[in-house]
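Chain residues, written in single-letter form:
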Amino acid sequence: MIDDRDALARTPAHDLALSCVAAGIDAAHPERVVRDSLTVEGDQLGLAGNVIDLGAFERVVVLGGGKAASQVAAALEATLGDRIDGGVVVTDDPVATDSVTVREGDHPVPSERGVESARAVRRAAADADADTLVLAVLTGGGSALLPAPADGLSLSDLQDVTESLLSAGAPIAAVNAVRKHCSAIKGGQLARAAAPATVITLLFSDVVGDDPSVVASGPTVPDPTTFADARQVLDDYDVDPPTAVDERLERGVAGEIPETPDGDDPVFERSRTHVLANGRTAIEAARDVAADAGFTPLVLASGIEGEAREVARTHAAVAREIRECGDPVSPPAVVLSGGETTVTVDGDGRGGPNCEFALSAARSLPPATVLAAVDTDGRDGASGGAGALVDAETVEDDGAAGRALADNDAATYLDDRDALLRTGPTGTNVNDLHVLVVADDE
């Protein structure tokens, strides 16, 4: 899974950090998660303590999108076999499937092929009826991969407002509040198209708090946000949207355009939602690896948010406290966290949140300490890697490191020091994973 692992694992602490990362990613892979979460006995589908009678439906279809959508579809086929009658999912990491059509889109900025793919998903939803069971597969990245411009908007409008919000450092919940109100599929509108079918939503969450309305912008669940909320996001992050987006939101605020369906809407009377995997899934697997290695695991939080370089400094401070005072645990220890940090882009370098996290932390890590910071999907922004593996010796010139951060060029700096961690697409996406190994003196 990890490229050049032997070279990266130059000390036992480095090797342990890599083992924790690999275990976390593997634990969240759809093949494993679906196998562990779903059971089939005859026509009875067991899911999270519930039993669904497949015999009550004339058709079972799989619909959805996200970075791991085709892997989930393939895993569902392996579990349900010929009980699946078809469907359509959209991804940027396709794998072979038997009955579910896999279409491609692009992430993080939506594309024209994504628009066509989203239309195919919506058409399939509209074909569902009261005798159809829809298994809605939604994973991280689904919001960009399922663009469906609302009436009066173009793809370029969606691209412009998405790029502006990401560059401004807006968290995913804020970005998605705007996306929902510029879409014909997000914010519960796919469920509206599928009604009166029974819709079971299966989530691989890449958002802090696992809010189903935020994962992939919630195409099949109630939307708690409004046009006014979307308008406020643009104001909060000082984003000047395309004219068509601005006009649509203003019309929505004025009540001239119907809101997305909320929790009282009857389209959700035959729907249920299950989170199959999230950031905690990866952290717990990494924790087990650390404990098996004789290190005391400490989970800080699975919902870390904030500016990547600022949060990283806090993690480095925790490492120093462990080494100097034995608090909150004594070494050897592994400190784990997850979540979604953000980057405010002021420069034009190459990087991503995890690379900035790693480089910022490396500037003040104590000796015998190693930090791995990765995006579990294997793609950390524009870095060309999943993240980075650093220690106290990674930064030899603090001035150069500071300039790299100022130019948002952390990946270039780390790559030059053989600290970039590459995995390629991992087949899953449950947000970021940070592994901080504080070893005994080496």
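Note: the structure precedes this text.
Summarised in this report is the structure supplied together with it.

Scoring rules and cut-offs
Residue numbers run consecutively from 1 along every chain, following the written order of its sequence. Whole-chain, interface and lining totals are the exception, using all residues; otherwise, since this is a predicted model, local features are given only for residues with pLDDT of at least 70 and side-chain atom pairs are given and counted only at 80 or more. The basis for every side-chain value is the complete set of heavy atoms in the structure, and neither hydrogens nor water enter the calculation. Whenever a carboxyl oxygen of Asp or Glu lies within 4 Å of a side-chain nitrogen of Lys or Arg, that contact is scored as a salt bridge. Strands here mean DSSP runs of E at least two residues long; helices mean DSSP runs of H or I at least four residues long; both are numbered from the N terminus. Burial classes: relative accessible area under 20% of the type maximum marks a residue as buried, over 50% as exposed, and values in between as partly exposed (1.4 Å probe, protein chains only). Every residue pair with non-hydrogen atoms within 4.5 Å of one another is taken to be in contact. Think of a polar contact as two N or O atoms within 3.5 Å of one another; within protein, one of them needs to be a possible hydrogen donor and the other a possible acceptor, and neighboring residues in sequence only count if both atoms come from side chains. Here the aromatic set is Phe, Tyr and Trp, taking the six-membered ring for Trp, and pairing holds for ring centres within 6.5 Å; pairs whose planes are under 30 degrees apart are stacked, those over 60 apart are edge-to-face, and all others are tilted. Two conditions define a charge located above a ring, namely a distance within 6 Å from the ring centre to NZ of Lys or CZ of Arg, and an angle within 35 degrees of the ring normal. Patches draw on residues past 30% relative accessible area with no salt bridge. Two like charges within 9 Å are joined, as are two nonpolar side chains (Val, Leu, Ile, Met, Phe, Trp, Tyr) within 5 Å. Note on areas: Shrake-Rupley with a 1.4 Å probe; residue coverage comes only from the protein chains shown. Charged residues are defined here as Lys and Arg on the positive side and Asp and Glu on the negative side; His and the ends of the chain fall outside this count. Charge positions are represented by NZ for Lys, CZ for Arg, CG for Asp and CD for Glu.

1. Brief notes about the pattern of salt bridges
Two side chains carrying opposite charge are able to pair once their charged atoms lie near each other.
Then comes step 1: Taken as a whole and assessed by the stated rule, the structure comprises 20 salt bridges.
Then comes step 2: Between glutamate 284 and arginine 280 there is a salt bridge; the shortest N-O distance is 3.6 Å. Highlighted residues: glutamate 284 and arginine 280, both in helix 12 (residues 279-292), separated by four residues, approximately one helical turn.
Then comes step 3: Take glutamate 284: its relative accessible area is 36%, and that puts it in the partly exposed class.
Then comes step 4: Classification of arginine 280 as partly exposed rests on a relative accessible area of 29%.
Then comes step 5: When salt bridges that share partners are traced, they join Arg231, Asp235, Asp246 and Glu250 into one network.

2. Things to note about the environment of aspartate 407
Then comes step 1: Along the chain, the position of aspartate 407 falls in the loop between helix 15 (398-406) and helix 16 (410-416).
Then comes step 2: For aspartate 407, a relative accessible area of 30% translates into the label partly exposed.
Then comes step 3: Taking the C-alpha atoms as reference, aspartate 407 lies 29 Å from arginine 10; in sequence the two are 397 residues apart.
Then comes step 4: The residues contacting aspartate 407, other than those within four sequence positions of it, are Gly347, Asp348 and Gly349.
Then comes step 5: Polar side-chain contacts of aspartate 407 include one of 3.3 Å to the backbone nitrogen of aspartate 348.

3. Comments concerning the packing of aromatic side chains
The geometry of an aromatic ring pair comes down to the distance between the two centres and the angle between the two planes.
Then comes step 1: Tallying each qualifying case throughout the model produces zero aromatic pairs.
Then comes step 2: Sitting above the plane of the tyrosine 413 ring, arginine 417 keeps its charged end 3.4 Å from the centroid.

4. Considering a negative patch on the surface
Then comes step 1: A cluster of like negative charges, contributed by Asp3, Asp4, Asp6, Asp416 and Asp418, occupies part of the molecular surface.
Then comes step 2: In this fold, aspartate 4 is placed in the segment before helix 1 (5-8).
Then comes step 3: Owing to a relative accessible area of 62%, aspartate 4 belongs among the exposed residues under this scheme.

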